[in-house]
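Working through the structure, step by step
What follows is each chain in one-letter form.
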Amino acid sequence: RPPPPVRRPLLAAGRARVVAAVLLDEATQDAVVAPAGWHASPALPWRCPRRRAKAEAVRRLLYWLHTLPPLSEQKPQQYVCCEDYAVGALRREDGLQCWALVHLQPEEASAQAAASDGASPPAAPQS
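Residues numbered from 1 in each chain as written. Predicted model: local features only at pLDDT ≥ 70, side-chain atom pairs only at ≥ 80, totals over all residues. Heavy atoms only, no water.

1. Notes on helix 1 (residues 49-67)
Between its first and last C-alpha, helix 1 extends 27 Å over 19 residues, near the 27 Å set by a 1.5 Å rise per residue. Listed as buried for helix 1 are P49, A53, K54, A57, V58, R60, L61, W64 and L65. (Helix = DSSP H or I, 4+ residues; strand = E, 2+ residues; numbered from the N terminus. Expected span 1.5 Å × (residues − 1). Buried < 20%, exposed > 50% of the residue type's maximum accessible area, 1.4 Å probe, protein only.)

2. A short note on the pattern of salt bridges
One pass over the structure, following the stated rule, counts 5 salt bridges. For R60, the salt bridge goes to D84, with nearest N and O atoms at 3.7 Å. Highlighted residues: R60 in helix 1 and D84 in the loop between strand 4 (77-82) and strand 5 (85-91), separated in sequence by 24 residues. Linked by salt bridges that have partners in common, E56, R60, E83 and D84 make up one network. (Salt bridge = Lys/Arg side-chain N within 4 Å of Asp/Glu carboxyl O.)

3. Describing the packing of aromatic side chains
The relative placement of two aromatic rings is captured by the distance of their centres and the angle of their planes. With the rule as written, the count across this model stands at 1 aromatic pair. When the centroid spacing of 5.2 Å and the interplanar angle of 80° are considered together, the rings of Y63 and W64 count as edge-to-face. You can call Y63 partly exposed: its relative accessible area is 28%. Its relative accessible area of 3% is what places W64 among the buried residues. (Phe/Tyr/Trp six-rings, centres within 6.5 Å; stacked < 30°, edge-to-face > 60°.)

Take a look at the structure:
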């Protein structure tokens, strides 16, 4: 039996861990996605827990990137919290956007839910 997936954070601040990020340049339409889609593993692609965790994080982030209203000069940042993760986005004045998915610890996730106004956002679709 393979070991459980190990989530290696891109960045970590306190107990929150950035596990996926997208950088978008509005002027050139360039995009950078992390973690990279390439993953070498001796396990079959559909049985590799690390590949599955990476794909799930990027899929959730891209879902929210397309679901939330676009960033603009009038709305340069936004975020959404749900389940055990949060998605945040920030737009710089030069048109560079940074979107990130952060995994929260269970106690942080419950504190976020308690601090909300009672209306929780929908969870990202499961495949």
